[in-house]
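Below, each chain spelled out in residue letters.
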Amino acid sequence: MHPDVQSLLAVQREDLEIYALEERLAALAPRLAALEKERLRAAQDLERAVKSVATEESRHREAQHRSDANRQLVERSQRAYESVTSPREANAAMIQLEQTKRMVDDSEREATQIQGRINEMRHHIADLEAALADVEHRQTDARAALDKERAEIEAQIAADRSKRDQTAKSVPRSMLAKYDKVRTRRRAETVFPLRGTSCSACDTAIPTQRRAAMAATGSLEMCEGCGALLYAGE
Ligand SMILES: [Zn+2]
């Protein structure tokens, strides 16, 4: 095998290691996204519950205002009843008084019902707050582990790239350029040996003349079947 090809194969081994590390790095993203999704779901449940209780609190204030207004009506009806001068007026004033008392009862019952719902909702909010805290606590270790893994892979990639650049210096510039052009497209193994008279990646037969050139000069020839770069193996 031509020494240039040997050097190029060393570069390719390092490139394949870097690709594998880059794949491991990319695989971390969905794991982080899954953690984020889980936390977001808990946070959104809590946010919705807090909004709902605020709505109920506002309805409760309105019901209390209605009760206050209705109690004033009762007082007025009471005074009107006490100042009547005829049995007919007394009858009408009594009806009025009873009606306003019913209105007070209704609005107070409504306020009590709303308060009951608010109490339940506050318990629910406490549960949701605990659930969110629990998710965040559980995720602390998972996130730290992910961060550590990412940092390790990134450091390894940086080290491998600088090693690769050193190794690449022993490959002729034009051969390296040809290899890099095909490699960046394939992002996988790019250089293959001939096997017998064929491409060892796809078994396409290579014409005799081209095989002779590869053997004589150590040049790389592109396989017309699969686009891999071929070298004379022996
Ligand atoms: Zn091929």
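Given the structure is predicted, the values throughout are model-derived calculations rather than measurements. (Residues numbered from 1 in each chain as written. Predicted model: local features only at pLDDT ≥ 70, side-chain atom pairs only at ≥ 80, totals over all residues. Heavy atoms only, no water.)

Visitor: Give me the lowdown on the overall build of the protein chain, citing residues and values where you can.
Guide: The helix and strand inventory of the protein chain stands at four helices and four strands. Each helix and strand of the protein chain, placed in order from N terminus to C terminus, yields the pattern α-α-α-β-β-α-β-β. Compactness check: the protein chain gives a C-alpha radius of gyration of 41 Å against a globular reference of 17 Å for 234 residues, more than 25% above the reference. When its C-alpha atoms are laid out on the principal axes, the protein chain stretches across 130 × 35 × 25 Å. In the protein chain, which comprises 234 residues, the share counted as buried stands at 31%. The long-range fraction of contacts in the protein chain, counting pairs at least 24 apart against all pairs at least 6 apart in sequence, stands at 73%. (Helix = DSSP H or I, 4+ residues; strand = E, 2+ residues; numbered from the N terminus. Rg over C-alpha atoms; globule rule 2.2 N^0.38 Å. Buried < 20%, exposed > 50% of the residue type's maximum accessible area, 1.4 Å probe, protein only. Contact = heavy atoms within 4.5 Å.)

Visitor: Quick one: what's the story with the packing of helix H1 (residues 3-82) against helix H2 (residues 87-168), residue by residue and with numbers?
Guide: The N-to-C vectors of H1 and H2 enclose an angle of 170°; their axes lie 5 Å apart at closest approach. Between H1 and H2, the angle is such that the two are roughly antiparallel. Our pair here, H1 against H2, has a crossing hand that is left-handed. By residue class, the composition of the contact of H1 with H2 is 38 nonpolar, 15 polar and 31 charged. (Axes fitted to C-alpha atoms, helices over the stretch in contact; angles between N-to-C directions. Parallel < 35°, antiparallel > 145°, perpendicular 65-115°, else oblique. Left-handed = near helix turned anticlockwise from the far one by under 90°. Nonpolar A, V, L, I, M, F, W, Y, C, P; charged D, E, K, R; others polar.)

Visitor: Could you give me a rundown of the side chain of Arg210, with the residues and numbers involved?
Guide: Of note, Arg210 is situated in helix H4 (residues 208-217). A distance of 2.9 Å separates polar atoms of two side chains, one belonging to Arg210 and the other to Glu221. Those residues in contact with Arg210 that sit more than four places away from it in its chain are Glu221, Met222 and Glu224. (Polar contact = N/O pair within 3.5 Å; in protein donor to acceptor, adjacent residues only side chain to side chain.)

Visitor: Before we move on, can you summarise the coordination of the zinc ion with the specific residues and values?
Guide: Geometry reference: four tetrahedral donors at a metal, ideal angle 109.5 degrees. Six octahedral donors, ideal angles 90 or 180 degrees. Taken together, the protein donors to the zinc ion comprise Cys199 (SG), Cys202 (SG), Cys223 (SG) and Cys226 (SG), at separations of 2.3 Å. Coordination geometry of the zinc ion: the four donor atoms subtend angles of 100 to 114° at the metal centre, consistent with an arrangement described as tetrahedral. Along the chain, the residues donating to the zinc ion fall in the pattern C-x2-C-x20-C-x2-C. Pair noted here: Cys199 is in strand E2 (residues 198-199) and Cys226 is in the loop between strand E3 (221-222) and strand E4 (229-231), with a separation of 27 residues, a long-range link. Here Cys199 falls in the buried class, since its relative accessible area comes to 0%. (Donors = N, O, S within 2.8 Å, 3.2 Å for Na, K, Ca; no water. Tetrahedral: all angles 85-135°; square planar, octahedral: opposite > 155°, others 65-115°.)

Visitor: Lay out the pattern of salt bridges with the relevant residues and their values.
Guide: Scanning the entire structure with this criterion turns up 27 salt bridges. Where Asp45 meets Arg48, a salt bridge forms, and the shortest distance between an N and an O atom there is 2.7 Å. Taken together, the positions of Asp45 and Arg48, both in helix H1 and three residues apart, correspond to about one turn of that helix. Between Arg150 and Asp147 there is a salt bridge whose closest N-O contact spans 3.1 Å. Taken together, the residues Arg150 and Asp147, both in helix H2 and three residues apart, mark about one turn of the helix. (Salt bridge = Lys/Arg side-chain N within 4 Å of Asp/Glu carboxyl O.)

Visitor: Residues and numbers for the environment of Asp106, please.
Guide: Here Asp106 lies in helix H2. Here the alpha-carbon distance between Asp106 and Ala63, two residues 43 residues apart in the chain, equals 9.6 Å.

Visitor: Give a detailed account of helix H3 (residues 173-186), specifying residues and quantitative values.
Guide: Helix length check: H3, at 14 residues, gives a terminal C-alpha distance of 20 Å against a target of 20 Å (1.5 Å per residue), a fit within 8%. Turning to H3, its buried residues are Met175, Leu176, Tyr179, Val182 and Arg183. Buried residues of H3, viewed axially, fall in a sector of 140°; they line one side. Along H3, exposed side chains directed more than 90 degrees from the buried face belong to Arg173, Ser174, Lys181 and Arg185. (Expected span 1.5 Å × (residues − 1). Arc of directions from axis to C-beta.)

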